[in-house]
Amino acid sequence: MSEPVIYLNNAATSWPKPERVIQKLVWAATELLATPGRGSAGVRSERVIFEAREAVADFVGAGDSSRIIFTCNATAALNLAISGFLAPGDHVVTTSMDHNSVARPLARMEDTRGVSVTRVEADSEGVVTSASVLDAVRPETALVILTHASNVTGTIQPVQEVSAGLRSRGEGRPRLLVDAAQTAGVFPIDVQAWGIDMLAVPGHKALYGPSGTGFLYLAPDLVLDPLFEGGTGGQSTLRRQPDLLPDRYESGTPNIPGIAALGEAVGYIREKGLEQIRRHETALFDLIVSGLEKIPGVTLFGPCDSRLQMAVVSFRLEGMDPAEVGSFLEETMGIQVRVGLHCSPMSHRTIGSFPEGTVRVSPGLFTTESDIAALIDGVRKIREVRGA
Ligand SMILES: Cc1ncc(COP(=O)(O)O)c(C=O)c1O
């Protein structure tokens, strides 16, 4: 990006990355030459990856860091959880706010593996109640999947209440998979205290790690079928994939620079403090909402209440396709937002913005108040230009 840009698409991936994360990425790409577990030169890489795994485990309250499986994004973590866990005849409860990285693997499970799925409808603001999720649980329900916060409306779902309800069912209860793509790095999450069985996290969004990173937390008593099998650097005489963690799920040469930089990013986020990050994003969110709602012809989606949602704002401008609004903002003001369906058509059906979708604004750690002022100005200008 050489042109000056106002980047308001942090829900897709965060930008820019903190300087120390970039430095770690470059250092690891330059210095860490060898695959971990493959010869003496790999020992340094192994140590750096172990440190990153410890940092990530501590950040989400995992305890044992071998329960953290590094992946290339949240999608890979969700695919591993869904297709590694479900068996024929299983029933799944999920919601209408799912991203396609949950919806599509589930659709394949329905079509090819005899899995049945109940999709609990959120209300028109994208809110799902814990009672509606728990009411949908049946004796054969094996898995409940919650999108911790929607990437379309930002709505935060009641993970802790659903978890408590599932745990009260005792032995044989359904397991809980949480997609934390829009919350990890802003909202505190503690997998053990909250009773989360599997947590899927991207490294490249609010954790401010590089693209090509993510992870799955897997509870101690869970064993999944690996998504892929191969060399793990140890137990090489075994005919089948070893049970040892995290090797069981991490075959082949990993993204060494990316993982090293993710560990650094987690340290950066911890130093900033989640409370402070959330406060910053909430202040920007309030500015976006209060600015947009004053512009005639703007329709805002979602609760528009920072207590109920993350800093993700979806809106439409009367008489205009969201794509036109996005092009205007980018071409005339250098403002980058994301338009359309945001890989979550179900969410747009739920809130009534299908098939055109919305214009989505998602500020981040480096967004300033003047960036938001420029956005509001830009949306006002569109109305002037259109003569509305
Ligand atoms: C709610 C949600 N889940 C999953 C994903 C997939 O994340 P990734 O791009 O890391 O695969 C996204 C990405 O936008 C998302 O917003």
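Rules used in this analysis
- Residues numbered from 1 in each chain as written.
- Predicted model: local features only at pLDDT ≥ 70, side-chain atom pairs only at ≥ 80, totals over all residues.
- Heavy atoms only, no water.
- Helix = DSSP H or I, 4+ residues; strand = E, 2+ residues; numbered from the N terminus.
- Rg over C-alpha atoms; globule rule 2.2 N^0.38 Å.
- Buried < 20%, exposed > 50% of the residue type's maximum accessible area, 1.4 Å probe, protein only.
- Contact = heavy atoms within 4.5 Å.
- Areas by Shrake-Rupley, 256 points an atom, 1.4 Å probe, with all protein chains shown as cover.
- Lys, Arg positive; Asp, Glu negative; His and termini not counted.
- Charge placed at Lys NZ, Arg CZ, Asp CG, Glu CD.
- Near = heavy atom within 4 Å.
- Polar contact = N/O pair within 3.5 Å; in protein donor to acceptor, adjacent residues only side chain to side chain.
- Domains from an automatic or database assignment.
- Buried area = accessible area lost by both parts, 1.4 Å probe.
- Salt bridge = Lys/Arg side-chain N within 4 Å of Asp/Glu carboxyl O.
- Pairing = 2+ DSSP bridges.
- Right-handed = clockwise from strand over helix to strand, strands pointing away.
- Phe/Tyr/Trp six-rings, centres within 6.5 Å; stacked < 30°, edge-to-face > 60°.
- Lys NZ or Arg CZ within 6 Å of the ring centre and 35° of its normal.
- Core = buried A, V, L, I, M, F, W, Y, C linked by side-chain atoms within 4.5 Å.
- Axes fitted to C-alpha atoms, helices over the stretch in contact; angles between N-to-C directions.
- Parallel < 35°, antiparallel > 145°, perpendicular 65-115°, else oblique.
- Left-handed = near helix turned anticlockwise from the far one by under 90°.
- Nonpolar A, V, L, I, M, F, W, Y, C, P; charged D, E, K, R; others polar.

1. Focus: the overall build of the protein
Secondary structure assignment for the protein yields twelve helices and 13 strands. Whereas a compact globule of 388 residues would reach a radius of gyration of roughly 21 Å, the protein reaches 21 Å, a difference of no more than 12%. In the protein, which comprises 388 residues, the proportion classed as buried is 58%. Within the protein, residue pairs in contact and separated by at least 24 positions form 69% of the contacts whose partners lie at least 6 positions apart. Surface accessibility of the protein: about 16,100 Å² in total, with carbon and sulfur atoms responsible for 51%. Distance between charge centroids for the protein: 2 Å, based on 35 positive and 45 negative side chains.

2. Observations regarding the site of the ligand
Lining the immediate surroundings of the ligand are 14 residues, of which T75, D179, Q182, H204 and K205 lie closest. Note that an oxygen atom of the ligand is positioned 2.4 Å from one of the side-chain N or O atoms of T75. Isolated, the ligand exposes 390 Å² of accessible area, and the fraction of that covered by the protein chains is 90%.

3. Section: the domain arrangement of the protein
How large an interface is tends to be reported as the accessible area lost when its parts come together. According to the domain assignment, the protein consists of domain 1 (19-272) and domain 2 (273-386). Here the C-alpha centre of domain 2 lies 28 Å away from the C-alpha centre of domain 1. Facing 35 residues of domain 1, the contacting portion of domain 2 comprises 26 residues. Counting the surface domain 1 buries against domain 2, the share from its top three residues, V152, V186 and K272, is 26%. One can count zero salt bridges joining domain 1 with domain 2. Summed over the shared surface of domain 1 and domain 2, the number is 15 residue pairs in polar contact (both at pLDDT 80 or more).

4. Side note on the pairing of strand β4 (residues 116-120)
Where strand β3 (residues 91-95) meets β4, five bridges bridge the pair, whose relative direction is parallel. From the neighbouring strand, V93 faces β4, where its bridge partner is T118. Handedness of the crossover is the feature at issue here: the chain leaves β3, passes through helix α4 (residues 100-112), returns alongside β4, and the resulting connection is right-handed.

5. Focus: the side chain of S130
Note on placement: S130 falls in helix α5 (residues 130-135). Not counting residues within four places of it along the chain, the set of residues in contact with S130 comprises P158, E161 and V162.

6. Let's talk about the packing of aromatic side chains
Considering all chains together, one arrives at two aromatic pairs under this definition. Between Y7 and W15, the ring centres sit 5.7 Å apart and the planes meet at 65°, which makes this aromatic pair edge-to-face. What makes W15 partly exposed here is its relative accessible area of 34%. Where Y208 meets F366, the ring centres are 5.9 Å apart and the plane angle is 80°; that geometry is what we call edge-to-face. Of the two residues, Y208 sits in the loop between β7 (198-202) and β8 (214-218) while F366 sits in the loop between β13 (358-361) and α12 (369-386), which places them 158 residues apart along the sequence. Owing to a relative accessible area of 3%, Y208 belongs among the buried residues under this scheme. Across from the ring centre of F354, 3.8 Å away, lies the NZ or CZ of R349, which sits over that ring.

7. Structural notes on the nonpolar core
Core analysis: the biggest nonpolar cluster contains 82 residues, and M198 and L199 have the highest contact counts within it. Looking at which element gives the most residues to this core, the answer is helix α8 (residues 256-272), with seven residues. Residue contacts for M198: discarding those within four places in its chain leaves A81, F85, L143, L176, L177, V178, L216, Y217, L218, L222 and L224. Grouped together as the second largest cluster of nonpolar side chains are 28 residues, F328, L329, V337 and A374 included.

8. Some details on the side chain of T232
Mapping T232 onto the fold places it in the loop between β8 and α8. Exposure remark for T232: the relative accessible area of 12% places this residue in the buried category. A polar contact of 3.1 Å, which involves the side chain of T232, links it to the backbone oxygen of G234. Look past the residues within four positions of T232 in its chain and what remains in contact with it is R38, Q241, P242, D247 and S251.

9. Description of the packing of helix α10 (residues 322-333) against α12
The N-to-C vectors of α10 and α12 enclose an angle of 110°; their axes lie 10 Å apart at closest approach. The orientation of α10 relative to α12 falls into the category roughly perpendicular. By crossing handedness, the relation of α10 to α12 is classed as right-handed. Contacts between α10 and α12 involve E324, V325, F328, L329 and M333 from the first element and A374, L375, D377, G378, V379, K381, I382, V385 and R386 from the second. In terms of residue class, the contact of α10 with α12 is built from nine nonpolar, one polar and four charged.

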